[in-house]
Amino acid sequence: MSRAVESVESTDLRLTGTGAARVGEPGGRVGAALLAIAGISMAAGGLLHPHGSGDTVDEALGGMLASPLWNLSHLLVLAGLIIGIAGFVLVRRSDVLGASLRRWLTLVIVTWSLAAVETVPHLLAGGEHAAHVSGGPTPMTDAHVLLSTITTPLLAVITALFAIQLARHARTAVAWVLAGFALLGAVTFGAASPLLAITGNPAVSALFPGQLFIDVWLVGTAVRLLSSGRPGHR
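- Going by the annotation in an unreviewed UniProt entry, the name recorded for the protein is DUF4386 domain-containing protein, with Microlunatus phosphovorus given as the source organism.

In structure tokens:
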């Protein structure tokens, strides 16, 4: 009898340790709430992003830089990235997703941090409209264009791979549907910057709204985490 009791107590300790999710873990729940806020903020920023027109990338970019929505759009995206990073850090510390996904969370945190760094010159590029039109120096715009060809696909691909790993652990239809949204984000939003740099075709900009697929995954995953505390088991 005592051995049975010890066995049960040992199991309970393992379930509340770092190897499994803890439903009432405050850090995990706060982290999940931050992820939901991040997804909403980024989605709002993406929807407000100005649209350019013209036959060349320079013409299209000039129109976007002139828009009064440029700063608000990118402030919302930057805020979403920073809030999302904080959320991922708290989720990782709480081990609410389990130890097996900790390395993936680290990769997500790193790639999102790089994207946040890139978003700073992206935001500041809005102040270079006059220089862009007159052919003057545009260091923030140039930095944004260069860095985004690296940070955008990294964020999208790593996030999608993490979503797939999470779905594999969950083994549920909901998790796989959400992973599908993340994957769509990887093949659209993730491909946008590199393709734009390679082709020089402003029509490629139509792929950037694919960021919304990642936002849907982020909010959906946050809701699962808040509703159960163990998204890998729903």
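Moving on, there is more to tell.
1. Here's the deal with helix H7 (residues 139-170)
Here is step 1: Helix length check: H7, at 32 residues, gives a terminal C-alpha distance of 45 Å against a target of 46 Å (1.5 Å per residue), a fit within 8%.
Here is step 2: Ser148 marks where H7 bends most, by close to 45 degrees.
Here is step 3: Phi turns positive, to about 60 degrees, at Arg171, one or two residues after H7.

2. Observations regarding the nonpolar core
Here is step 1: Counting residues in each nonpolar core, the largest one holds 41 residues, and the members touching the most others are Leu81, Phe88, Leu97, Trp112, Phe162 and Trp217.
Here is step 2: Mapped by element, the contributors of at least two residues to this core are helix H2 (26-48), helix H4 (69-94), helix H5 (102-124), H7, helix H8 (173-199) and helix H9 (211-228).
Here is step 3: In terms of residues, this core owes the most to one element, H7, which gives nine residues.
Here is step 4: Beyond its immediate chain neighbours, meaning those up to four positions away, Phe88 contacts Leu35, Leu105, Val108, Ile109, Trp112, Phe162, Trp217 and Leu218.
Here is step 5: Grouped together as the second largest cluster of nonpolar side chains are five residues, Leu61, Leu65, Trp70 and Ala125 included.

3. So, helix H3 (residues 57-65)
Here is step 1: Listed in full, the buried residues belonging to H3 are Ala60, Leu61, Gly62, Met64 and Leu65.
Here is step 2: The inward-facing, buried residues of H3 contact H4, helix H6 (129-134) and H7.

4. Focus on a nonpolar patch on the surface
Here is step 1: A grouping of Val110, Leu114, Ile150 and Leu154 is seen on the molecular surface, where their side chains present a nonpolar patch of about 320 Å² in accessible area.
Here is step 2: Of all the elements in the fold, those that place two or more residues in the nonpolar patch are H5 and H7.
Here is step 3: With respect to the element layout, Leu154 can be found in helix H7.
Here is step 4: Judged by its relative accessible area of 34%, Leu154 is partly exposed.

5. Digging into the environment of Leu72
Here is step 1: Within the fold, Leu72 resides in helix H4.
Here is step 2: Note on Leu72: relative accessible area 41%, which makes it partly exposed.
Here is step 3: With 24 residues separating them along the chain, Leu72 and Leu48 place their C-alpha atoms 7.8 Å apart.

6. With respect to the environment of Ile82
Here is step 1: When you line up the elements, Ile82 lands in helix H4.
Here is step 2: Note on Ile82: relative accessible area 47%, which makes it partly exposed.
Here is step 3: Each C-alpha atom of the pair Ile82 and Ile109 lies 10.0 Å from the other, and the pair is 27 residues apart in sequence.

7. What to know about the UniProt feature "transmembrane region" (unreviewed entry) in the protein
Here is step 1: As recorded in UniProt, the sites labelled "transmembrane region" (unreviewed entry) are residues 30-49, 69-91, 103-125, 145-164, 176-198 and 204-226.
Here is step 2: In this annotation, residues 69-91 is assigned 100% helix and 0% strand; the end-to-end C-alpha distance for the span is 33 Å.
Here is step 3: Across residues 145-164, helical content stands at 100% and strand content at 0%; the span's end C-alpha atoms are separated by 29 Å.

The rules behind these values
Residues numbered from 1 in each chain as written. Predicted model: local features only at pLDDT ≥ 70, side-chain atom pairs only at ≥ 80, totals over all residues. Heavy atoms only, no water. Helix = DSSP H or I, 4+ residues; strand = E, 2+ residues; numbered from the N terminus. Expected span 1.5 Å × (residues − 1). Bend = angle between axes of the 7 residues up to and from the residue. Core = buried A, V, L, I, M, F, W, Y, C linked by side-chain atoms within 4.5 Å. Buried < 20%, exposed > 50% of the residue type's maximum accessible area, 1.4 Å probe, protein only. Contact = heavy atoms within 4.5 Å. Patch = residues over 30% accessible without salt bridge, like charges linked within 9 Å, V, L, I, M, F, W, Y side chains within 5 Å. Areas by Shrake-Rupley, 256 points an atom, 1.4 Å probe, with all protein chains shown as cover. Salt bridge = Lys/Arg side-chain N within 4 Å of Asp/Glu carboxyl O. UniProt positions renumbered as here; feature names shortened; annotations may be inferred.

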